[in-house]
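Take a look at the letters that make up each chain.
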Amino acid sequence: MKMPFPDINSQLAVQSHMYICYDRNTNDYELVKCQTFKNRFYNLNHKIIESKDINRNPFNHKTLIDCDKLFRLQQVTIPDTLLTTTRRDICEELFNNVAVELQTDSFEIEVMDNIKVKSVNPDIS
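Below is a short write-up of the structure. Small disclaimer: the values here were computed from a predicted structure and weren't measured.

**Looking at the overall build of the protein**
Working step 1: Counting its secondary structure elements, the protein contains three helices and six strands.
Working step 2: Radius of gyration (C-alpha) of the protein: 14 Å, near the 14 Å computed for a compact globule of 125 residues.
Working step 3: The principal-axis extent of the C-alpha atoms belonging to the protein is close to 30 × 30 × 25 Å.
Working step 4: Across the 125 residues in the protein, those meeting the buried criterion constitute 43%.
Working step 5: In the protein, once contacts between residues fewer than 6 apart in sequence are set aside, the share between residues at least 24 apart is 67%.
Working step 6: For the protein, the exposed surface amounts to about 7500 Å²; the carbon and sulfur share of it is 45%.
Working step 7: In the protein, 15 side chains carry a positive charge and 18 a negative one; their mean positions are 6 Å apart.

**Focus: the pairing of strand β2 (residues 28-36)**
Two faces make up the sheet, and in a regular strand the side chains alternate between them.
Working step 1: Counting buried positions over the nine residues of β2 gives seven, a clear majority of the element.
Working step 2: Across seven bridges, the pairing between strand β1 (residues 18-25) and β2 is antiparallel. Residue asparagine 25 lies in a different strand from β2, and its bridge partner there is aspartate 28.
Working step 3: Hairpin geometry of β1 and β2 is characterised by an intervening segment of two residues between the two adjacent antiparallel strands and by a positive phi of about 55° at threonine 26.
Working step 4: The pairing of β2 with strand β5 (residues 69-73) spans three bridges and is classified as antiparallel. Note that in β5 the partner of glutamate 30 across the bridge is arginine 72.
Working step 5: Examined bridge by bridge, β2 and strand β4 (residues 63-66) share three bridges and lie antiparallel to one another. Looking across to β4, one finds that glutamine 35 is bridged to leucine 64.

**Examining the environment of leucine 73**
Working step 1: With respect to the secondary-structure elements, leucine 73 resides in strand β5.
Working step 2: With 70 residues separating them in the primary sequence, leucine 73 and methionine 3 have C-alpha atoms 9.9 Å apart.
Working step 3: Residues within four places of leucine 73 in sequence aside, it is in contact with Asn27, Asp28, Tyr29, Leu31, Ile78, Met112, Asn114 and Val117.

About the cut-offs
- Residues numbered from 1 in each chain as written.
- Predicted model: local features only at pLDDT ≥ 70, side-chain atom pairs only at ≥ 80, totals over all residues.
- Heavy atoms only, no water.
- Helix = DSSP H or I, 4+ residues; strand = E, 2+ residues; numbered from the N terminus.
- Rg over C-alpha atoms; globule rule 2.2 N^0.38 Å.
- Buried < 20%, exposed > 50% of the residue type's maximum accessible area, 1.4 Å probe, protein only.
- Contact = heavy atoms within 4.5 Å.
- Areas by Shrake-Rupley, 256 points an atom, 1.4 Å probe, with all protein chains shown as cover.
- Lys, Arg positive; Asp, Glu negative; His and termini not counted.
- Charge placed at Lys NZ, Arg CZ, Asp CG, Glu CD.
- Pairing = 2+ DSSP bridges.

Written as structure tokens, this is what we have:
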């Protein structure tokens, strides 16, 4: 999924990233961003580095899960076509690890403009 963060012209707006759905209430979502781990310094207080493992996650590479920020997306429908095909979820242990990291010191909430999200993701309604 593409997200217009920090703005519609940012790198995130033109590049798809994977997100873990932390919470969903009908058409309101809370998402945690995942990105391919690169051997460099990440200035994050709370993160999880997860290796590729079909028994745990749908990642194709070693992945960094950013638990410093939660993206809130409201009044949208994310279609199944945007879900991963190798595995549609993460294992319970990894989900619990994400929850612990999110709750350790608190996290920043970024409320997304659903009109902008829809503009870069035409399948989202």
